[in-house]
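Residue-level listing of the chains:
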Amino acid sequence: MKIICIGRNYVEHAKELGNEVPKEPVIFMKPDTAILKGKDFYIPEFSQDIHYELEVVLKISKGGKYISEENAPQYFNEIGLGIDFTARDLQSKLKEKGLPWELAKAFDGSAVVSNFYEKDKFDLNNLNFSLIKNKEEVQNGNTSLMIFSPEKIIAFVSKYFTLKTGDLIFTGTPKGVGKVVENDILEAFLEDEKAFDIRIQ
Ligand code: MG
């Protein structure tokens, strides 16, 4: 399986990192080895500035290519939450040089993925999600603020990549990204449902 990630999908987040609001989705990928196993995230030795980015994740339920926006809802049945852990110091250096982001985004453990929920249980166009760090809310998003909707994302990425059952799509983070340090506890909520918790080591 593959993990396709959308960058800069919320206006306020694009602004907080000093990026332009994109006209087309910004896409990058993580390998399956990026998925965090267990509940402990270990800060890698190559970064002094690991950031959390809480995101809604779509789980692809059927293979397809050139999927239309109209048909896109048939290609995912479940949604969850995830963290796109980012080595921000490394990413800034790569961005400066115009180089790909993989070293900063696709390292082992950089993709936290929650359990998945039937998408029909929620209103995907108006879904609240939040991240609590050490009992304090640090990120709070609503899918209505996405620049590119899940349907638009699926239509766009499936022009380039065949989607397969089990592929995951990280749909971008709202504003409020920030650094983690050892012993932080992160808890993620999809509406009132606790989707996961992890500890930083
Ligand atoms: Mg992200």
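Because the structure is predicted, anything quoted here is derived from the model rather than measured.

Cut-offs applied
- Residues numbered from 1 in each chain as written.
- Predicted model: local features only at pLDDT ≥ 70, side-chain atom pairs only at ≥ 80, totals over all residues.
- Heavy atoms only, no water.
- Helix = DSSP H or I, 4+ residues; strand = E, 2+ residues; numbered from the N terminus.
- Buried < 20%, exposed > 50% of the residue type's maximum accessible area, 1.4 Å probe, protein only.
- Polar contact = N/O pair within 3.5 Å; in protein donor to acceptor, adjacent residues only side chain to side chain.
- Salt bridge = Lys/Arg side-chain N within 4 Å of Asp/Glu carboxyl O.
- Pairing = 2+ DSSP bridges.
- Donors = N, O, S within 2.8 Å, 3.2 Å for Na, K, Ca; no water.
- Contact = heavy atoms within 4.5 Å.
- Arc of directions from axis to C-beta.
- Core = buried A, V, L, I, M, F, W, Y, C linked by side-chain atoms within 4.5 Å.

Caption draft 1: Quick peek at the side chain of Thr 171. Inspection of the secondary structure assignment puts Thr 171 in the loop between β12 (168-170) and β13 (178-179). Note on Thr 171: relative accessible area 0%, which makes it buried. Here Val 56 takes part through its backbone oxygen, which lies 2.6 Å from a polar atom of the side chain of Thr 171.

Caption draft 2: Region of interest: the pattern of salt bridges. Enumeration over the complete set of coordinates arrives at 12 salt bridges. Here Asp 167 and Lys 2 are joined by a salt bridge, their closest N and O atoms 2.6 Å apart. Here Lys 2 lies in the segment before β1 (3-7) and Asp 167 lies in the loop between α4 (150-160) and β12, a separation of 165 residues in the sequence. Residue Asp 167 is classed as buried on the basis of its relative accessible area, which comes to 1%.

Caption draft 3: Local environment of the sheet that holds strand β7 (residues 86-87). As summarised here, the arrangement of the 3 strands in space is β7-β4-β13, forming an open sheet in which the pairing is antiparallel. The open sheet has two free edges, formed respectively by β7 and β13, since each of these has just one partner strand. Summarising the sheet, strand β4 (residues 50-52) and β13 pair through 2 bridges and their orientation is antiparallel. Looking at β13, one finds that His 51 is bridged to Lys 179.

Caption draft 4: Region of interest: the coordination of the magnesium ion. On the protein side, the magnesium ion has Glu 53 (OE), Glu 55 (OE) and Asp 84 (OD) as donor atoms, found 2.0 to 2.1 Å from it. When the donor residues of the magnesium ion are listed from N- to C-terminus, their spacing reads E-x1-E-x28-D. The exposure class assigned to Glu 53 is buried, which follows from its relative accessible area of 3%.

Caption draft 5: Examining the environment of Ser 158 more closely. Assignment of secondary structure puts Ser 158 in helix α4. Residue Ser 158 is classed as buried on the basis of its relative accessible area, which comes to 0%. Leave out the neighbours within four places in its chain, and Ser 158 touches Gly 64, Lys 65, Tyr 66, Ile 67 and Leu 163.

Caption draft 6: Structural context of helix α2 (residues 88-97). The set of residues buried in α2 consists of Arg 88, Leu 90, Gln 91 and Leu 94. In an axial view of α2, the angular spread of the buried residues amounts to 155 degrees, which keeps them on one side of the axis. Of the residues in α2, the exposed ones pointing more than 90 degrees away from the buried face are Lys 93, Glu 96 and Lys 97. Directly after α2, the chain includes Gly 98, whose backbone phi takes a positive value near 70 degrees.

Caption draft 7: Here's a closer look at the pairing of β1. Most of β1 is tucked away, with 5 of its 5 residues classed as buried. Of the strand pairs in this sheet, β1 and strand β2 (residues 26-30) are connected by 5 bridges, and their pairing is antiparallel. Looking across to β2, one finds that Ile 3 is bridged to Lys 30.

Caption draft 8: Local environment of the nonpolar core. Residues Ile 83, Phe 85 and Ile 198 are the most contacted members of the largest nonpolar core, which totals 47 residues. Residues Cys 5, Val 57, Leu 168 and Phe 170 belong to the second largest nonpolar core, which totals 10 residues.

Caption draft 9: Representation of the sheet that holds strand β11 (residues 136-142) in the model. Taken together, 5 strands build an open sheet; the order of strands is β3-β15-β14-β10-β11 and the sheet is mixed. Two strands lie at the open edges of the sheet, namely β3 (40-41) and β11, each paired on one side alone. Inspection of the sheet shows strand β10 (residues 128-133) paired to β11 by 6 bridges, in the antiparallel sense. The partner of Ser 130 across the bridge, within β11, is Asn 140.

These results come straight from atomic positions and should not be treated as a statement about function.
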